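Residue-level structure breakdown
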Amino acid sequence: MRKLLIKNGRVIDPASGLDKVCDVLVEDGKVRGIGSRVKGQGARRIDAKGMLVVPGLIDMHVHLRDPGRPDKETIASGTRAAALGGFTSICCMANTHPPIDNLAVVKFVRSRAEAEGVVNVYPIGAVTKELKGEVLSEMGLMLEQGAVAFSDDGKPIMRADVLRRALEYASQFDVPLISHCEDANLSSGGSMNEGAVSTQIGLPGIPSLAEEVMVARDILMAEKFGRVHIAHVSSARSVDLIRQAKRKGIPVTCETCPHYFSLTEEAVREYDTNAKVNPPLKTQKDVKAVIKGLADGTIDAIATDHAPHNIEEKDVEFNQASSGIIGLETAVALIITKLVAGKALTIMQVIEKLTINPAKILKLGKGTLQSGSVADITIIDPKAEWTVNPSQFASKSKNTPFTGWKLQGKVMWTIVGGKVVVRNGELVGE
Ligand code: DOR
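What counts and how
- Residue positions are given per chain, counting from 1 as you read along its sequence in written order.
- Since the coordinates come from a predicted model, pLDDT governs what is reported: local features require at least 70, and pairs of side-chain atoms require 80 or more to be given and counted, while whole-chain, interface and lining totals use all residues.
- To obtain the side-chain values, all non-hydrogen atoms of the structure were used and water was disregarded.
- We place a 1 Å grid over just the protein atoms. Points where a 1.4 Å probe fits but has no way out form a cavity, open points with protein on both sides within 12 Å along at least 5 of 7 lines form a pocket, and any residue with an atom within 4 Å of a point lines it.
- Grid points are joined across faces, edges and corners, and a volume is the space filled by probe spheres set on the points.
- Residues are sorted three ways: Asp, Glu, Lys and Arg are charged, Ala, Val, Leu, Ile, Met, Phe, Trp, Tyr, Cys and Pro are nonpolar, and all the rest, Gly among them, are polar.
- Helix and strand definitions here come from DSSP, where helices need a minimum of 4 consecutive H or I residues and strands a minimum of 2 consecutive E residues; each element is numbered from the N-terminal end.
- We call a set of buried residues a nonpolar core when its members are Ala, Val, Leu, Ile, Met, Phe, Trp, Tyr or Cys and they connect through side-chain atoms within 4.5 Å of each other.
- Only protein chains enter the area calculation, which uses a 1.4 Å probe; residues under 20% of their type maximum are buried, those over 50% are exposed, and those in between are partly exposed.
- Any two residues whose heavy atoms approach within 4.5 Å at even a single point are treated as in contact.
- In a helix, the anticipated span is given by 1.5 Å times the number of residues less one.
- In protein, a polar contact means a hydrogen-donor-capable atom and an acceptor-capable atom, both N or O and within 3.5 Å, with residues adjacent in sequence counting only if both atoms are side-chain atoms; elsewhere, any N or O pair within 3.5 Å suffices.
- Strands are labelled as partners when DSSP assigns at least two bridges between them.
- Axis lines are fitted through C-alpha atoms, for helices just across the contact stretch, and the angle between N-to-C directions can take any value from 0 to 180 degrees.
- Ring pairs are drawn from Phe, Tyr and Trp, using the six-membered ring of Trp, whenever the two centres fall within 6.5 Å, and their geometry is named by plane angle: stacked under 30 degrees, edge-to-face over 60, tilted for the rest.
- Only lysine NZ and arginine CZ atoms are considered, and such an atom sits over a ring when it is within 6 Å of the ring centre and within 35 degrees of the ring normal.
- By convention, a crossover is right-handed whenever its connection, traced from the first strand over the helix to the second and viewed with the strands pointing away, goes clockwise.

Here the largest pocket is characterised by a volume of approximately 510 Å³. Along the walls of the largest pocket sit 22 residues, with His63, Arg65, Asn95, Asp153 and Gly154 positioned nearest its centre. Split into classes, the residues belonging to the lining of the largest pocket amount to four nonpolar, 11 polar and seven charged. Space inside the second largest pocket adds up to approximately 430 Å³. Of all elements in the fold, only α2 (103–116), β8 (120–123) and β18 (419–423) reach the threshold of two or more residues within the lining of the second largest pocket. The element best represented in the lining of the second largest pocket is β8, accounting for four residues.

Our next topic: the nonpolar core. Ile90, Leu177, Ile230 and Leu339 are the most contacted members of the largest nonpolar core, which has 80 residues in total. With residues near it in sequence (within four places) discarded, isoleucine 230 still touches Ser179, Cys181, Val215, Ile242, Val252, Thr253, Cys254 and Glu255.

Over its 12 residues, helix α8 (residues 236–247) extends 17 Å from the first C-alpha to the last, a length consistent with the 16 Å expected when each residue adds 1.5 Å. Listing the buried residues of α8 in full gives Ala236, Ser238, Val239, Ile242, Arg243 and Ala245. Near the N-terminus of α8, the side chain that reaches the backbone nitrogen of arginine 237, with its oxygen 3.3 Å away, is that of serine 235. Backbone geometry just downstream of α8 places glycine 249 in the positive-phi region, at approximately 80°.

Okay, the sheet that holds strand β7 (residues 87–92) next. With parallel pairing, the three strands of this open sheet are ordered in space as β6-β7-β8. Of all the strands in the sheet, just β6 (57–62) and β8 have a single pairing partner and so form its edges. Averaged over neighbouring strand pairs, the angle between their axes works out to 20° when direction is ignored. By the bridge criterion, four bridges tie β7 to β8 in an arrangement that is parallel. Bridging from a neighbouring strand, serine 89 pairs with asparagine 120 of β8.

The next point concerns the packing of aromatic side chains. Taken as a whole and assessed by the stated rule, the structure comprises two aromatic pairs. Taking NZ or CZ as reference, lysine 410 lies 5.7 Å from the ring centre of tryptophan 386, over its face.

Before going further, it helps to examine empty space enclosed by the protein. In this approach, a probe sized like a water molecule rolls over the atoms, and the result shows the empty space that is left. In this structure the tally under the stated criterion is four cavities of 30 Å³ or more. Empty space within the largest cavity amounts to approximately 70 Å³. Its residues placed into classes, the lining of the largest cavity shows six nonpolar, five polar and three charged.

With that settled, the discussion passes to the pairing of strand β14 (residues 252–256). Counting buried positions over the five residues of β14 gives five, a clear majority of the element. Going residue by residue along β14, you find Val252, Cys254 and Thr256 tucked away on one face and Thr253 and Glu255 tucked away on the opposite face as well. By the bridge criterion, three bridges tie strand β13 (residues 228–230) to β14 in an arrangement that is parallel. Within β14, the position partnered with isoleucine 230 by the bridge is cysteine 254. Note on the crossover from β13 through α8 to β14: the handedness is right-handed. Sheet analysis places β14 next to strand β15 (residues 301–302), joined by two bridges and oriented parallel. Paired with threonine 256 across the two strands is isoleucine 302, which belongs to β15.

Here strand β16 (residues 377–387) lies mainly inside the structure; eight of its 11 residues are buried. Sheet topology places strand β5 (residues 52–55) next to β16; four bridges connect them, and they run antiparallel. Looking across to β16, one finds that proline 55 is bridged to isoleucine 377. Where β16 lies against strand β17 (residues 406–416), eight bridges are found, and the strand directions are antiparallel. Looking at the pairing, aspartate 381 lines up with lysine 410 of β17.

Next comes the structure, spelled out in structure tokens:
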């Protein structure tokens, strides 16, 4: 494989605390050296002056819809969207058709990713068969085939006894259970956050308590039975509960998504179904609390919850529309615009939440640029401005509430295992 020499970028590696303008040498798919004197004779040069050179980003929460809904997304299209978004590794959720609840589907996802994918794909197995929340799936067998965690994401596990067994089982292997926190009885019939806006526009609400009571339950379950990772945290009280739990040393980690720090429930006032998401967008107070949770380390990771839906499921009455927002191709720019340019977090902090933190939670052995590590590298122009236009996305679905937004920060190069997949902001060879 060819040698690459990435010149003069601001190299940021949160795993080692490195933040320095220098060069990175890649050879045979590995990082071979970082510094100002690395020699790269015969190497292809990438001029990264003015850019951030960071470990390949990891998105621990993606819906690829493969198998089952190739009209919404496939592993081919979803991994291309990931690459354009700077993600070199993505974890795909189990709510496919059929679901990833047995070893055959794990094998299918892995082999298709091998054949058609352009970034690393790590399957997440379902906790329960058919995500019904009743009978445990083939967890052990799926792990042997490469599943990295378990989740019924999209649906809560309402039965605490089932969650208990799953945690007891998963803790033997030290893999996390990723919990979609939603009390299905409290959320039943709702389609947006319950509050002033839902009353004014006449949509049935989901109280934030639907998320919070399950966060509280799962913290208690984690204390007793094993590691829980809480998906898509959206509410102020959830952040508080997790902060307290961490102080007590309970094995709980969590993620939030760009839409929970970029938007409030106001985004659905005009009945924009592209802003319909589960858990629903909340209030300014929640947005502030999510940002504070990110800044103080309560929230470990930023994941997209990339949830592609087609026009047939979005261009309908609000109550009928599917929930979900695509996120792979807007995440980096929303993070830079909302968190870094807004001075709420440093670039080091956000890169940590996109690399080494998710890698540690899932034990992926990635997320760093240290010498000898696999050369998954993302190069970002932090100053570049662009306007969101979903017709230019590689994702097959266009359900974003950010159309027309002017954002700062553009992924210029994505390198996976030493291979250039995105060059100057465009997919290579396509
Ligand atoms: O809005 C959502 N969409 N939330 C989820 O938890 C699942 C996801 C999907 O699969 O569409």
